[in-house]
Amino acid sequence: MSMKALYRTTGLFGVAVLALTACGPEDEGARDDVAEDSQEDADPDGAEEQGDTPGEIADEEGEEPDPDEDADTEAGEAGEAPDFADIEDSVWESSSSQESVTITSEIPGSMMGMEDVTHEDEIDDLAEEDEGAEAEDAEELTEPEETLQVVVAGEMTGDGSVWQMEDLVDYLLYDGGDTIYQTVESFIEEYREFQPEEGAGPDPEELRAELEAEGSWVDVTSTLAGQIETPQEYVETFREEMLASAGMDSLAETGISGQAETRDGEDVWVYREDVDDEFVEFVIIADEEEPLLSEISMDSDGVEISISFTDWNESEDIAEDEPAEDDVIAEDELEAIAQNLMQ
């Protein structure tokens, strides 16, 4: 579970941007055709769910809403949203140069290579008892797909940040800058899930008992150095991978339009593209001097992803102090304990 797995997510955003904007301004006609087709199939009663603006579909009484009135209501105090081309560089540069942030991603488990970590033992047991029950219950066990929450938070440069994944596996890392630590609980859970086969290594519970007697953290630097991202790397890589997968130099090439809104009491600029029931959306904190990422989300081809950016410059304390030396199990100690249990 390295940063490379998360890069699949950014790549999907690039594909979604390309698909939903029909390649941007250079293909305005194609995008207009898509929009017209979606309007023909639109259900007026479900217009808001489809992302259509009130001005595009008549209300239930058959009257066309006043677009100026709606714009005034939605804009609040944020003013008008600037063209994305005018703020794009500032958004990414400002977002990667802050002191700290909490980034929370909600993504399908398969994006993290977790497709095989779904109740295999239960399915094998069913096969032994009843082949008919296997098919029925296997389908029930594997649908719908699990969603993982991945948190990258703390100091932007990684000198005191955390990398946490919850739900299928409780995964917690602490990046101390030069050293990466993993909690014993997290280490054992990961070991249990990804142990190649029974008997291929120490028993997970025996290993847990031995490790807990020595400390609360395991030094995993040699294994994970360069494979987990700091908050700053997350922001920078997201932009690079998304644009690369979309084959663009800038999101402004898409011609994506924005509007000013107030969400959760905060003035934001919302840049969104809808086609039927699919969308891609970028929410930016409305600050002309220092616009920051607030949320990036998409629903495309059955894949739903949401990434929020919160606690800007207030996330330093998300990670506790670096683990004390006497509470850390060094890599040579871990190897010695494992070998001893295999004798």
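Right above here is the structure, for reference.
Residues numbered from 1 in each chain as written. Predicted model: local features only at pLDDT ≥ 70, side-chain atom pairs only at ≥ 80, totals over all residues. Heavy atoms only, no water.

Chemist: Please clarify how unusual backbone geometry should be interpreted in this entry.
Modeler: Peptide bonds are trans in most cases, and residues, glycine excluded, mostly fall at negative phi. With phi around 50°, Asp264 is a residue other than glycine that occupies positive phi space. Along the polypeptide, Asp264 turns up in the loop between strand 7 (258-263) and strand 8 (266-275). (Helix = DSSP H or I, 4+ residues; strand = E, 2+ residues; numbered from the N terminus.)

Chemist: What is the right way to look at the packing of aromatic side chains in this model?
Modeler: Between two aromatic rings, the relevant description is the distance of the centres plus the angle of the planes. Inspection of every chain in the model, using the stated rule, returns seven aromatic pairs. Their ring planes at 75° and their centres at 4.8 Å tell us that Phe84 and Tyr271 sit as a pair that is edge-to-face. Taken together, the residues span a long stretch of sequence, with Phe84 in helix 4 (residues 84-96) and Tyr271 in strand 8 at a distance of 187 residues. For the pair Phe84 and Tyr271, a shared accessibility class is recorded, and that class is buried. The ring of Phe279 has Arg272 sitting right over it, with the charged end atom 4.1 Å from the ring centre. (Phe/Tyr/Trp six-rings, centres within 6.5 Å; stacked < 30°, edge-to-face > 60°. Buried < 20%, exposed > 50% of the residue type's maximum accessible area, 1.4 Å probe, protein only. Lys NZ or Arg CZ within 6 Å of the ring centre and 35° of its normal.)

Chemist: Can you help me understand a negative patch on the surface in this one?
Modeler: There is a patch of like negative charges on the surface, built from Asp203, Glu206, Glu210, Glu214, Glu331, Asp332, Glu333 and Glu335. Sorting the residues of the negative patch by element identifies helix 8 (204-212) and helix 11 (331-342) as the ones contributing at least two each. The element best represented in the negative patch is helix 11, accounting for four residues. Among the secondary structure elements, Glu331 is positioned in helix 11. (Patch = residues over 30% accessible without salt bridge, like charges linked within 9 Å, V, L, I, M, F, W, Y side chains within 5 Å. Areas by Shrake-Rupley, 256 points an atom, 1.4 Å probe, with all protein chains shown as cover. Salt bridge = Lys/Arg side-chain N within 4 Å of Asp/Glu carboxyl O. Lys, Arg positive; Asp, Glu negative; His and termini not counted. Charge placed at Lys NZ, Arg CZ, Asp CG, Glu CD.)

Chemist: Would you mind going over the packing of helix 8 against helix 11 with me for this structure?
Modeler: Between helix 8 and helix 11, the least distance of the axes is 10 Å, while the angle of their chain directions is 140°. By the angle class used here, helix 8 and helix 11 are oblique. Crossing geometry of helix 8 relative to helix 11 is assigned as right-handed. For the pair helix 8 and helix 11, the contacting residues are Glu206, Leu207, Glu210 and Leu211 in the first and Leu334, Ile337 and Leu341 in the second. Considered class by class, the residues forming the contact of helix 8 with helix 11 number five nonpolar, no polar and two charged. (Axes fitted to C-alpha atoms, helices over the stretch in contact; angles between N-to-C directions. Parallel < 35°, antiparallel > 145°, perpendicular 65-115°, else oblique. Left-handed = near helix turned anticlockwise from the far one by under 90°. Contact = heavy atoms within 4.5 Å. Nonpolar A, V, L, I, M, F, W, Y, C, P; charged D, E, K, R; others polar.)

Chemist: Mind showing me how you'd approach the environment of Gln232 here?
Modeler: You can see Gln232 is positioned in helix 10 (residues 231-246). Separated by 132 residues in sequence, Gln232 and Ser100 place their C-alpha atoms 8.6 Å apart. Residue contacts for Gln232: discarding those within four places in its chain leaves Ser96, Met156 and Thr157.

Chemist: For this particular structure, what's the right way to read the nonpolar core?
Modeler: Looking at soluble globular proteins, one finds that nonpolar side chains tend to be buried together. Among the nonpolar cores identified, the biggest contains 55 residues, and Leu211, Tyr271, Leu293 and Phe309 are the most heavily contacted of them. In terms of residues, this core owes the most to one element, helix 10, which gives six residues. Ignoring sequence-local partners within four residues, the contact set of Leu211 consists of Val184, Phe187, Ile188, Ile329, Leu334 and Ile337. (Core = buried A, V, L, I, M, F, W, Y, C linked by side-chain atoms within 4.5 Å.)

Chemist: Explanation requested: the pairing of strand 7 in the structure shown.
Modeler: Note on strand geometry: in a regular strand, side chains alternate between the two faces of the sheet. Looking at chain direction, strand 7 and strand 8 are connected through six bridges and run antiparallel. Bridge assignment links Ala260 to a residue of strand 8, and that residue is Trp269. Between the end of strand 7 and the start of strand 8, which pair antiparallel, lie two residues, with Asp264 showing a positive phi angle near 50°. (Pairing = 2+ DSSP bridges.)

Chemist: Would you take a moment to explain helix 4 for this structure?
Modeler: Structural remark: α-helix, 3.6 residues per turn; residues separated by three or four positions point the same way. Between its terminal C-alpha atoms helix 4 stretches 18 Å, which fits the 18 Å expected from 13 residues at 1.5 Å a residue. Turning to helix 4, its buried residues number three or more, namely Phe84, Ile87, Glu88, Val91, Trp92, Ser94, Ser95 and Ser96. Turning to helix 4, the residues buried within the fold contact helix 10, strand 8, strand 9 (278-285) and strand 10 (292-300). (Expected span 1.5 Å × (residues − 1).)

Chemist: Please explain the pairing of strand 5 (residues 180-183) as it appears in this structure.
Modeler: Residues Ile180 and Gln182 of strand 5 are buried on one face, and the alternating residues Tyr181 and Thr183, pointing to the opposite face, are buried as well. With three bridges joining them, strand 4 (residues 171-175) and strand 5 adopt antiparallel strand pairing. Residue pairing across strands places Tyr174 opposite Tyr181, the latter belonging to strand 5. Here strand 4 hands over to strand 5 after four residues, with Gly177 in that stretch at a positive phi of 100°.

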